[in-house]
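Read off the chains here:
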Amino acid sequence: MPEVLKAPLVVEFPFTRSLGPVQSAFLTGLRERVVLGVRTGDGRTLVPPVEYDPVTAEEIRDLVEVASTGTVTTWAWNHAPRRDQPLDTPFAWVLVRLDGADTALLHALDAPGPDAVHTGMRVRIRWAEERTGAITDIACFEPFAGGQAERTGHTGEFEDPVTGIVAPARLDYTYSPGRAQTAYINALADQRNVGERCPSCRKVYVPPRGACPTCGLATSEQVEVGPHGTVTTFCIVNIKAKNLDIEVPYVYAHIALDGAGLALHGRIGGIPYDQVRMGLRVEPVWTEDARYPDHYRPTGEPDADYDTYRELL
């Protein structure tokens with residue numbers, strides 16, 4: 001049994017969002033070292049502010065300043081900070097009810113160790129040296145032995161307010177394709193397409209999944225398919241993807257390899273995009289290192305009859 005493959009993968013993209021009037025005022029306030037909450041109809045002050053009362057669902061816009069000092073309501077120690085967390089040394093995650101607020105704000109507390117943190121301790125905001133209008137304008141909280149910080153009485157009206165933010169999103173994980181797809185990937189290195197046949201319905205799955213999703217039975221019988229195949233359906237891509245060196249427009253298609261029981265997807269090349277069609281017969285063009293098909297090109301064969309692939313659309 002060959003070793004099952006695994007590899008580290010990263011999914012990363014910038015997330016852009018616009019801000020309503022309440023969040024705009026809150027983040028612009030942080031840029032100016034002012035913390036704003038929002039007052040509900042029954043007099044509660046919510047920090048961070050929200051646009052709708054979580055109890056009554058009524059829209060709320062009454063902004064009110066709270067202090068930069070507060071009290072820890074609960075906490076948890078972070079022994080091993082991860083990339084892009086507020087501090088690169090061990091710290092506490094804390095919920096802090098700022099003076100003048102009725103709800104707590106989650107952030108980091110810079111403390112020498114867990115023994116130095118307790119519920120009820122007094123803390124204050126440590127502001128970032130450079131502030132842009134984001135929650136990271138609060139660098140962290142730090143222990144504080146004094147009373148309430150003074151407030152400026154700010155109304156929430158700012159020049160040049162922050163109207164949108166860009167937040168990077170990233171997910172790091174290790175992926176293992178399992179037994180069936182490991183065999184499929186290893187076969188690609190030999191320029192072969194290998195699927196697995198269901199012992200009941202006899203459908204050949206490429207790429208194999210280790211089990212038939214229709215019958216619920218494990219698959220183990222390997223079947224080599226292709227290399228030629230048929231375009232069953234396709235789409236024309238007109239938006240250029242970042243870090244993908246392919247000129248638009250280009251075509252991605254579902255391709256039913258000869259002998260396969262379902263179609264896989266691949267890029268079509270070697271033909272103008274507006275000449276790609278259902279039934280087009282294609283063959284793989286392998287990457288320079290011959291590890292997998294870079295794209296598929298026409299074989300020159302006559303188009304396949306619709307009845308031969310209509311069940312594979």
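Residues numbered from 1 in each chain as written. Predicted model: local features only at pLDDT ≥ 70, side-chain atom pairs only at ≥ 80, totals over all residues. Heavy atoms only, no water.

K.L.:
How do you make sense of the overall build of the chain when you look at a structure like this?
P.N.:
Scanning the chain for helices and strands turns up 2 helices and 18 strands. At 29 Å, the chain has a C-alpha radius of gyration far larger than the 20 Å of a compact globule built from 313 residues. In terms of overall dimensions, the chain has C-alpha extents of about 80 × 45 × 40 Å along its principal axes. Counting over 313 residues, the chain shows a buried share of 39%. Long-range contacts, defined as pairs at least 24 residues apart, comprise 58% of the intrachain contacts of the chain with a sequence gap of at least 6. Accessible surface computed for the chain: about 18,000 Å², of which carbon and sulfur atoms make up 50%. (Helix = DSSP H or I, 4+ residues; strand = E, 2+ residues; numbered from the N terminus. Rg over C-alpha atoms; globule rule 2.2 N^0.38 Å. Buried < 20%, exposed > 50% of the residue type's maximum accessible area, 1.4 Å probe, protein only. Contact = heavy atoms within 4.5 Å. Areas by Shrake-Rupley, 256 points an atom, 1.4 Å probe, with all protein chains shown as cover.)

K.L.:
So what exactly am I meant to see when it comes to the layout of surface pockets here?
P.N.:
Any empty space left between atoms is shown by rolling a water-sized probe over those atoms. By volume, the largest pocket amounts to about 750 Å³. What lines the largest pocket is a set of 27 residues, and nearest its centre among them are Ala-134, Ile-135, Thr-136, Ala-167 and Pro-168. Mapped by element, the contributors of at least two residues to the lining of the largest pocket are β1 (7-18), α1 (21-31), β7 (105-109), β9 (138-143) and β10 (164-175). A volume near 620 Å³ is recorded for the second largest pocket. As for the second largest pocket, its lining consists of 20 residues, and the residues nearest its centre are Tyr-184, Leu-188, His-265, Tyr-292 and Pro-293. Among the elements of the structure, α2 (178-188), β16 (264-268) and β18 (293-298) are those that each provide at least two residues to the lining of the second largest pocket. (1 Å grid on protein atoms, 1.4 Å probe; cavity = no way out; pocket = protein on both sides within 12 Å on 5 of 7 lines; lining within 4 Å. Points joined across faces, edges and corners; volume = space filled by probe spheres on them.)

K.L.:
Help me understand the pattern of salt bridges, please; the structure alone is not making it clear to me.
P.N.:
Close approach of charged atoms allows side chains of opposite charge to pair. Tallied over the full model, the rule gives 26 salt bridges. For Glu-59, the salt bridge goes to Arg-61, with nearest N and O atoms at 2.7 Å. The residue Glu-221 makes a salt bridge to Arg-202 at a minimum N-O spacing of 3.9 Å. Taken together, the residues span a long stretch of sequence, with Glu-221 in strand β13 (residues 221-225) and Arg-202 in the loop between β11 (193-197) and β12 (204-205) at a distance of 19 residues. Within the structure, one salt-bridge network assembled from shared partners comprises Glu-12, Arg-83, Asp-84, Arg-170 and Asp-172. (Salt bridge = Lys/Arg side-chain N within 4 Å of Asp/Glu carboxyl O.)

K.L.:
Please clarify how the sheet that holds strand β2 (residues 35-39) should be interpreted in this entry.
P.N.:
What holds strands together in a sheet is hydrogen bonding between their backbones, with the strands either parallel or antiparallel. Taken in spatial order, the 3 strands make up an open sheet running β3-β2-β4, and their pairing is antiparallel. Sheet topology places β3 (45-46) and β4 (62-66) at the edges, where each strand pairs with a single neighbour. Relative to β4, β2 runs antiparallel, the two being bridged by 5 bridges. Counterpart to Val-35 in the pairing with β4 is Val-66. α1 rests against β2 and β4 of the sheet, and its axis sits at about 155° to β2. (Pairing = 2+ DSSP bridges. Axes fitted to C-alpha atoms, helices over the stretch in contact; angles between N-to-C directions.)

K.L.:
Even after reading the chapter, I still don't get the state of the cysteines, so can you show me in this structure?
P.N.:
One way to say it: the disulfide is the covalent bond shared by the sulfur atoms of two cysteines. Under the definition given, this model contains 0 disulfides. Cysteine Cys-198 is unpaired, with the sulfur of Cys-201 as its nearest cysteine sulfur at 3.6 Å. (Disulfide = S-S within 2.5 Å.)

K.L.:
Would you mind showing me how to read the pairing of strand β14 (residues 229-237) here?
P.N.:
For a regular strand, side-chain orientation follows a simple rule: the groups alternate between the two sheet faces. Looking at chain direction, β14 and strand β15 (residues 250-257) are connected through 8 bridges and run antiparallel. Bridged to Gly-229 within β15 is Leu-257. One ladder, built from 2 bridges, connects β14 with strand β17 (residues 281-286); its direction is antiparallel. Counterpart to Gly-229 in the pairing with β17 is Val-282.

K.L.:
Explain the nonpolar core to me, please; I cannot follow it from the model alone.
P.N.:
Nonpolar side chains in soluble globular proteins generally cluster together in the buried interior. Counting 25 residues, the largest nonpolar core has Val-35, Leu-98, Leu-109 and Phe-141 as its most contacted members. For Leu-98, the residues in contact, after removing those within four places along its chain, are Val-35, Val-47, Val-66, Ala-67, Ser-68, Thr-69, Gly-70, Thr-103, Leu-105 and Phe-141. (Core = buried A, V, L, I, M, F, W, Y, C linked by side-chain atoms within 4.5 Å.)

K.L.:
Sorry if this is basic, but what is going on with the sheet that holds β12 here?
P.N.:
Ordered in space as β12-β11-β13, the 3 strands form an open sheet in which the pairing is antiparallel. Both edges of this open sheet fall to β12 and β13, since each of them pairs with a single strand only. Here β11 pairs with β12 via 2 bridges, running antiparallel. Its bridge partner lying in β12, Arg-197 is registered against Val-204. Strands in contact with α2 are β11 and β13; relative to β11, the strand with the most contacts, it is inclined by about 150°.

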